[in-house]
Amino acid sequence: MAQNQRPTSILDSLGEEIIRILTPVSICMFSVVILVSILNTDSSSSSSVSSIATIAYSETSSDSSWDKFVGALLNSLVFVAVVTVVTFILVLLFYLRCTKFLKLYMAFSSFVVLGFMGGEIVLLLIEKFNVPIDSVTFLVVLYNFAVVGVLAVFMSKVAILVTQSYLVVIGMLVAYWFTLLPEWTTWVLLVALALYDLAAVLLPVGPLRLLVELAVSRDEDIPALVYEARPVTHHDSDSTSNGVIQRRVWRERRNVSHDLADNMNSSVSNSNSVGIDHNDTRLAGAEEGQVVEGNAELSAPLLDHRMTNNQHRPEDDASSESVLLEGIGLGSTGAIKLGLGDFIFYSVLVGRAAMYDFMTVYACYLAIIAGLGITLMLLALYQKALPALPVSIMLGVLFYILTRLLLEVFVVQCSVNLVMF
Amino acid sequence: MEASESTNPIPNNRNSIVSSTPVWPTVDGPIGLSEDESLSYARRFYLFGFALLPLLWAVNCFYFWPVLRHSRSFPAIRRYVVGSAVGLAVSSALLCSWALTFAIGGEHLFGPVWDKLVLYNLADTIGLTGWN
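Model, not experiment: these values are computed from the prediction.

### Focus: the packing of helix H8 (residues 340-354) of chain A against helix H10 (residues 389-416) of chain A
Residues and elements named next belong to chain A. H10 packs onto H8 with a crossing angle of 0° between their chain directions and a minimal axis gap of 11 Å. Here H10 runs roughly parallel to H8, going by the angle between their axes. On H10, the residues that touch Asp 342, Phe 345, Tyr 346, Leu 349 and Ala 353 of H8 are Leu 389, Ser 392, Ile 393, Gly 396, Val 397 and Tyr 400. Across the contact of H8 with H10, the residue classes break down as 8 nonpolar, 2 polar and 1 charged.

### Considering the UniProt feature "transmembrane region" (unreviewed entry) in chain B
In the UniProt entry, the feature "transmembrane region" (unreviewed entry) is given for residues 45-68 and 80-104 of chain B. Helix and strand shares over residues 80-104 of chain B are 100% and 0% respectively, and the end C-alpha atoms of the span are 35 Å apart.

### Looking at the UniProt feature "transmembrane region" (unreviewed entry) in chain A
All names here are of chain A. Those residues carrying the UniProt feature "transmembrane region" (unreviewed entry) are residues 21-39, 69-95, 104-126, 132-151, 158-178, 184-205, 362-382 and 388-407 in this numbering. Along residues 132-151 one finds 85% helix and 0% strand; the C-alpha atoms at either end are 30 Å apart. Secondary structure across residues 158-178 divides into 90% helix and 0% strand, with the first and last C-alpha atoms of the span separated by 29 Å.

### Things to note about the pattern of salt bridges
Residue and element names in this part refer to chain A. Applying the stated criterion across every chain, the model contains 4 salt bridges over all chains. Between Glu 16 and Arg 20 there is a salt bridge, with the nearest N and O atoms lying 3.2 Å from each other. Here Arg 20 and Glu 16 lie together in helix H1 (residues 10-39), a separation of 4 residues that amounts to about one turn. With its nearest N and O atoms 3.3 Å apart, the salt bridge here joins Arg 404 to Glu 183. Residue Arg 404 is found in helix H10, and its partner Glu 183 is found in helix H6 (residues 183-202); the two are separated by 221 residues along the sequence. For Glu 183, a relative accessible area of 28% corresponds to the partly exposed category.

### As for the packing of helix H3 (residues 99-129) of chain A against helix H5 (residues 160-178) of chain A
Residues and elements named next belong to chain A. Interhelical geometry of H3 versus H5 gives an angle of 60° and a closest axis separation of 10 Å. Between H3 and H5, the interaxial angle falls into the category oblique. Note on packing geometry: the crossing formed by H3 with H5 is left-handed. Every residue of H5 that contacts H3 at Ser 110, Val 113, Leu 114, Met 117, Gly 118, Glu 120 and Ile 121 is listed here: Tyr 166, Val 169, Ile 170, Leu 173, Val 174, Tyr 176 and Trp 177.

What counts and what doesn't
- Residues numbered from 1 in each chain as written.
- Chains lettered and ligands numbered in written order.
- Predicted model: local features only at pLDDT ≥ 70, side-chain atom pairs only at ≥ 80, totals over all residues.
- Heavy atoms only, no water.
- Axes fitted to C-alpha atoms, helices over the stretch in contact; angles between N-to-C directions.
- Helix = DSSP H or I, 4+ residues; strand = E, 2+ residues; numbered from the N terminus.
- Parallel < 35°, antiparallel > 145°, perpendicular 65-115°, else oblique.
- Contact = heavy atoms within 4.5 Å.
- Nonpolar A, V, L, I, M, F, W, Y, C, P; charged D, E, K, R; others polar.
- UniProt positions renumbered as here; feature names shortened; annotations may be inferred.
- Salt bridge = Lys/Arg side-chain N within 4 Å of Asp/Glu carboxyl O.
- Buried < 20%, exposed > 50% of the residue type's maximum accessible area, 1.4 Å probe, protein only.
- Left-handed = near helix turned anticlockwise from the far one by under 90°.

And the structure:
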């Protein structure tokens, strides 16, 4: 007897969806760890980048722990304040319907991120490995990479794989830049941003919540960067010629507005010597659509690509921010959306853990994945947009501290005495 | 035989024995573009690739891979996709040959110009590699 179809188990449907969001997060974290372990070995805290995040206090290795902690706290407060202001400005712009300006700004910012920051990092790698490539080839390749990236992410519709890869690459580049901040500042900043995320999404006065409510009430798309997993097609839904075909189009605007809001966060990133500053803000907004087709007609509702647009603005002396999407949401079709800001800050945490040792990397990675799983469960439970940062960041920081204080001693002693490992 | 919009969309039947004409022109299958949009997108990617963007031609070929692979489907789209493939092959051959000549030839082929053109020296001169 031929068995043509296995009954779909929960592993097929739910597991597949989770895997489709865990894989890019893991790839992003893994590549940041690799970059950090290749590039950051020689330069320790001495050559840290000056940016908005270090405006209040720049850490030197000779300060006492308490000084460093207070300095890091000041830095983080300044950063979170800037992020809040920027997010409110974004809400205002969105309220005044300046979406064209936002979109252009985001295109330019993406180009800057991919072109200049990506180019800088590749330059460092080339120098490290002494690759004999010439400038002309490098320029052509970089130009290609940046332009196609800008097109793929929000100007045009390209293959899903290409768009997803470019989003992961953008997240990786920005995360690497954040790992260049001094150590205490990074950790306190992560915790501060997790708390801010919690407040901005769940409080009724939070800017991200306001933005999402605006978008939902107008049934518009928020210009933001969000990673959207491919929807899982369930085999039990069959389409007959006379029936209504539910076509889940990727990144499609839906007709019925669903109450999904991700949180938006704006973060300002650092500036480098070339003069290109990059700020990224995390903007969360997720709306997914489901197209119902009747009578075997394939309507082709092309998505308004402005739905996921990320803004990157080069930093002037004033604070600039880019709008990244942060937070997690669910489409009505069930495909999970995760904001790019989440990618970035998870990778920053793991990258910073990699600067100490690989043991902390494993511990933090497991903590972040567990936090993401918990957030997904909460998402399924509450069916509204949730901040994806707090649980994972808190677990990650906790595990980092515990590993560094307790686990390391234990493992080292075991290894030295040839008991384990 | 021209592939028509069928009432029963079969997702990605590139492995089917019965027919080899795909229903969906894009590699994304039923969640990708429809045929009319595909034509405009293919044309746009092909034309924009002439702005020194062979990667865009590569993306075009990847995106419309079913069109490229099944030689009798979607004749309108196929023109642009095959054009993109040809352009990609030519430009990547040019770029690769130049880059390899530069890398392998080195100093004894180019002379002192090599030191000026190679990237890490140029970056040092301009000062791009230091952070501050």
